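# Summary of the model geometry
Letter by letter, the chains look like this.
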Amino acid sequence: MVRETQLTSNHLIQPLFLVGGTQVKEEISSLPGNYRMSLDNILKEVEECMSLGINSFILFPAIPEIHKDKTGTHSYSSENFYLKVALAIKVRFPECCLISDVALDPYSIDGHDGIVRGGKIINDETLEVLGKMAVAQAGAGFDLIGPSDMMDGRVRHIRQSLDQAGYTNTGIMSYTAKYASAFYGPFRDALDSAPKESADIPKDKKTYQMDPANKKEALLEATLDTEEGADFLMVKPALHYLDVIASLKQNFDLPIAAYHVSGECAMLIAACQNGWLDYEKAMPEALLSLHRAGADAIITYFAKDFASLQIGHK
Ligand code: PBG
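Okay, so let's go over this structure.

Our next topic: helix H4 (residues 154–164). Buried residues of H4: Arg154, Val155, Ile158, Arg159, Ser161 and Leu162, and no others. Take H4 and look down its axis: the buried residues cluster within an arc of 165 degrees, on one side only. Looking at the buried residues of H4, the elements they touch are helix H3 (123–139), strand E8 (144–145), strand E9 (171–178) and helix H6 (216–228). Following H4 by one or two positions, Gly166 has its phi on the positive side, about 90 degrees.

This next bit is on the site of the ligand. Taken together, 16 residues lie near the ligand, and Arg188, Lys205, Lys236, Ser262 and Tyr301 sit nearest. Within the side chain of Lys236, an N or O atom sits 3.3 Å from a nitrogen atom of the ligand. One can see that the ligand is located within the largest cavity. Partitioned by chemical class, the residues of the shell around the ligand number seven nonpolar, three polar and six charged.

Below, the discussion takes up the packing of aromatic side chains. Considering all chains together, one arrives at ten aromatic pairs under this definition. Judged by centre distance (6.4 Å) and plane angle (40 degrees), the ring pair of Phe60 and Tyr259 falls under tilted. Here Phe60, found in strand E4 (residues 56–61), pairs with Tyr259, found in strand E11 (residues 256–260); they are 199 residues apart in sequence, far enough to count as distant. Each member of the pair, Phe60 as well as Tyr259, is classed as buried. Taken together, the aromatic side chains of Phe17, Phe60, Tyr175, Phe187, Tyr259 and Tyr301 make up a single cluster linked through ring pairs. Over the ring of Tyr35 we find Lys25, and its NZ or CZ is 4.7 Å from the ring centre. A cation sits over an aromatic face here: Lys236 above Phe187, 5.9 Å from the ring centre.

Cut-offs applied
- Residues numbered from 1 in each chain as written.
- Predicted model: local features only at pLDDT ≥ 70, side-chain atom pairs only at ≥ 80, totals over all residues.
- Heavy atoms only, no water.
- Buried < 20%, exposed > 50% of the residue type's maximum accessible area, 1.4 Å probe, protein only.
- Helix = DSSP H or I, 4+ residues; strand = E, 2+ residues; numbered from the N terminus.
- Arc of directions from axis to C-beta.
- Contact = heavy atoms within 4.5 Å.
- Near = heavy atom within 4 Å.
- Polar contact = N/O pair within 3.5 Å; in protein donor to acceptor, adjacent residues only side chain to side chain.
- 1 Å grid on protein atoms, 1.4 Å probe; cavity = no way out; pocket = protein on both sides within 12 Å on 5 of 7 lines; lining within 4 Å.
- Sits in = over half its atoms within 2 Å of the grid points.
- Nonpolar A, V, L, I, M, F, W, Y, C, P; charged D, E, K, R; others polar.
- Phe/Tyr/Trp six-rings, centres within 6.5 Å; stacked < 30°, edge-to-face > 60°.
- Lys NZ or Arg CZ within 6 Å of the ring centre and 35° of its normal.

The values reported here are purely geometric and, on their own, carry no functional implication.
Structure below.
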C-alpha cells in the first residue's frame, strides 16, 4: 500500500540486434541470452515480448563490412535492411513503439559515430548525415528517433530535418548525457562497431562522449537538448550514473530515459551464472533502482525476463 515506486513492464524497452538473411539467431558471447537475429526471428521475438507486456523496442543493425564507408551513406539507402525490418515490424505490430539508433558507427569503416578526417571527428558535416538517416528512419515507421552519436547541435538539426520532410509526429529520444564509458564492450562485440585501430583514427570516443567525472555538464546538455526539441532526455550508462538520472529528473520536466547498458547487464549475468547472485532477485532490484532514481523509461537487456518474472509471480 505504501510502496513508493512501482516498476512495471510498461516502463521497459527491449533492445534488439538485427542482421540480414533468414533464420539467423547468433548468441552474443559477451551478453548471454541476447542474439543477433534476422527478420523472421525478430518478428517471433517481438511477438513473444508483446505477449508478455513489453511493447517498446530499440533496434540496432549489424551492417556487413562491404556496406561501410567514411560517411555512413548506407544508413539512409533504401537498400538498408534495418529500414526494411522496421517497416515489417510496424506492418505486423502497428501498436508497438519502435525506437531507432542514429549514429554513424554501425555504417562507418572507422567505427566512429561521426565522420573522421585528419584524426578528428567532423561535427557539422556529420549532422547532414544524421538528418538524412533520421528522415529515412521516420519513413520506415520508427516512432522515436534515438540519436546516440553525441554530436553538438544534432537534436535541432534532426528536428528540423524531420519537420521539413513532414514527419512532425515523430519524436526524439535524445542520448543527452552519454558518457565515454567502459561498459559498452558487449554491444560493440554484437555489432562489430568498435573504433578501428589506426594512427589517423581517434582511438576512443572521448572527444564527443562525456567525461564520467562530470555531472553539471549533464545539466548543460539537458538544457541544450530541451531547447533543441528533444522529447526524452536519456542518461547512459544507467546503474553507475544514478546520481545523474536523479539530477535530470529533479531539474527537467521532460520524461527521463535510462540506458542500462550491455556491460552493466553482462556483469550481473556473469555473477548469476557463477552462482554468486540470484538472478530472479538481483535483476528486478537493479531495474527498480533505476526507476526509483527517476528513470521513467528504461532500456534494458532484461526487459523480456522482467516481464516473464512479473507474470510468473502474479
Ligand atoms: C553507439 C552506441 C553504443 C551503444 C548504443 N549506441 C556504443 C558506443 O557508444 O560505442 C551502447 C549500448 C550498450 O552498451 O548496451 N552509437
